[in-house]
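Structural characterization, general
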Amino acid sequence: MTEQPAPQPLERIETMPLGIVVERRRGVTAWADWSWRPVSVIPGAGPVDPPGRLLMEGEGWTHSHAATLTLELFRTDTEGYRLNLSQDPPRLWVVMRPGAGPDSDGEELVPFTVTASAHEGEGYQVGADVVETVPMPAEVIALVRDFVEQHHVDVPFHKRERKRHFEKEDRQR
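The structure reproduced in this document is the subject of the present report. This one's a predicted model, so the numbers in the text were calculated from it and none came from an experiment.

Here we come to the overall build of the protein chain. Counting its regular elements, the protein chain contains four helices and seven strands. Reading the secondary structure of the protein chain in the N-to-C direction produces β-β-β-β-α-β-β-α-β-α-α. In the protein chain, which comprises 173 residues, the share counted as buried stands at 35%. In the protein chain, the share of contacts with a sequence separation of at least 24, taken over all contacts with a separation of at least 6, comes to 65%.

This is the structure in structure tokens:
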């Protein structure tokens, strides 16, 4: 009988390259000729050179491998990953920023970062960035779930006692 090798513990920071697939669609308004939005990711994708390698096209739309970004998982954000994994289905947040592509006339949105944390994804929605979600593939779900199981520590909630700025006698004066 052969012994199974012991499972290797995950690192404190785990990474996975993800190819970001972006849809470019003809605009439906007079203000924009084209619109861009992420539609999926390719787990383990290699670098893409040049960015925007065409994958599929149809009448008025294209899907291209716009960039390969690194998904990073941090021990300090396991609560955000747990929240995301509890959703049906779990999602990845893709943050896009304006960029200059060969066909864009300065209107193109290019992938900037990708995250599995619900908290971090929400944080990017405050600024001028365009944040869209895509379904999380099974390989990424497995990595995130293993990472959370290995590194999550429940922190009990402690309600803080409110400090008064003035003593009661001072407020009566």
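Glancing now at helix H1 (residues 78–85). The set of residues buried in H1 consists of Thr78, Gly80, Tyr81, Asn84 and Leu85. Seen along its axis, H1 keeps its buried residues to an arc of 155°; they face one direction. Taken together, the buried residues of H1 touch strand E4 (61–74), strand E5 (91–98), helix H2 (118–124) and helix H3 (138–151).

For soluble globular proteins, nonpolar side chains are generally found buried alongside one another. Grouped together as the largest cluster of nonpolar side chains are 27 residues, with contacts concentrated most on Leu18, Leu92 and Val144. Elements with a contribution of two residues or more to this core: strand E1 (13–26), strand E2 (34–43), E4, H1, E5, strand E6 (109–115) and H3. In terms of residue count, the dominant contributor to this core is H3 (six residues). Dropping the residues within four chain positions of it, leucine 18 is found in contact with Val41, Ile42, Pro43, Ala45, Ala67, Thr68, Leu69, Leu71, Leu92, Val114 and Val140.

So, about the sheet that holds E6. Across a sheet, paired strands are connected by hydrogen bonds in the backbone, their directions being either parallel or antiparallel. Read across the sheet, three strands follow the order E6-E5-E7 without closing on themselves; strand pairing throughout is antiparallel. Edge positions in the open sheet fall to E6 and strand E7 (130–135), since each of these has one partner strand only. Pairwise comparison of adjacent strand axes, ignoring direction, gives a mean angle of 35° for this sheet. The pairing of E5 with E6 spans six bridges and is classified as antiparallel. Pairing of tryptophan 93 across the sheet is with threonine 115, part of E6.

Below, the discussion takes up the pattern of salt bridges. For the structure shown, the criterion picks out four salt bridges. Across the pair glutamate 23 and arginine 37 runs a salt bridge whose closest N-O atoms are separated by 3.2 Å. Here glutamate 23, found in strand E1, pairs with arginine 37, found in strand E2; they are 14 residues apart in sequence, far enough to count as distant. On the basis of relative accessibility, which here comes to 40%, the residue arginine 37 falls in the partly exposed class. Put simply, Glu23, Arg25 and Arg37 are held in one network by salt bridges that share partners.

Between H1 and H3, the shortest axis-to-axis distance is 10 Å and the interhelical angle comes to 130°. In terms of orientation, H1 lies oblique with respect to H3. The chirality of how H1 crosses H3 is left-handed. Between H1, through Thr78, Tyr81, Arg82 and Leu85, and H3, the contact on the second element is made entirely by Ile141, Val144, Arg145, Phe147, Val148 and His151. A per-class count over the contact of H1 with H3 returns six nonpolar, two polar and two charged.

Overall, antiparallel pairing links the four strands, which are arranged E2-E1-E4-E3 in an open sheet. The strands lining the two open edges of the sheet, one partner per strand, are E2 and strand E3 (53–58). Strand-to-strand twist of the sheet, defined as the mean angle between neighbouring strand axes without regard to direction, takes the value 35°. Sheet analysis places E1 next to E2, joined by nine bridges and oriented antiparallel. Counterpart to glutamate 23 in the pairing with E2 is arginine 37. Contacting E1, E2 and E4, H3 crosses the sheet at an angle of about 145° to E1.

How each quantity is defined
Residues numbered from 1 in each chain as written. Predicted model: local features only at pLDDT ≥ 70, side-chain atom pairs only at ≥ 80, totals over all residues. Heavy atoms only, no water. Helix = DSSP H or I, 4+ residues; strand = E, 2+ residues; numbered from the N terminus. Buried < 20%, exposed > 50% of the residue type's maximum accessible area, 1.4 Å probe, protein only. Contact = heavy atoms within 4.5 Å. Arc of directions from axis to C-beta. Core = buried A, V, L, I, M, F, W, Y, C linked by side-chain atoms within 4.5 Å. Pairing = 2+ DSSP bridges. Axes fitted to C-alpha atoms, helices over the stretch in contact; angles between N-to-C directions. Salt bridge = Lys/Arg side-chain N within 4 Å of Asp/Glu carboxyl O. Parallel < 35°, antiparallel > 145°, perpendicular 65-115°, else oblique. Left-handed = near helix turned anticlockwise from the far one by under 90°. Nonpolar A, V, L, I, M, F, W, Y, C, P; charged D, E, K, R; others polar.

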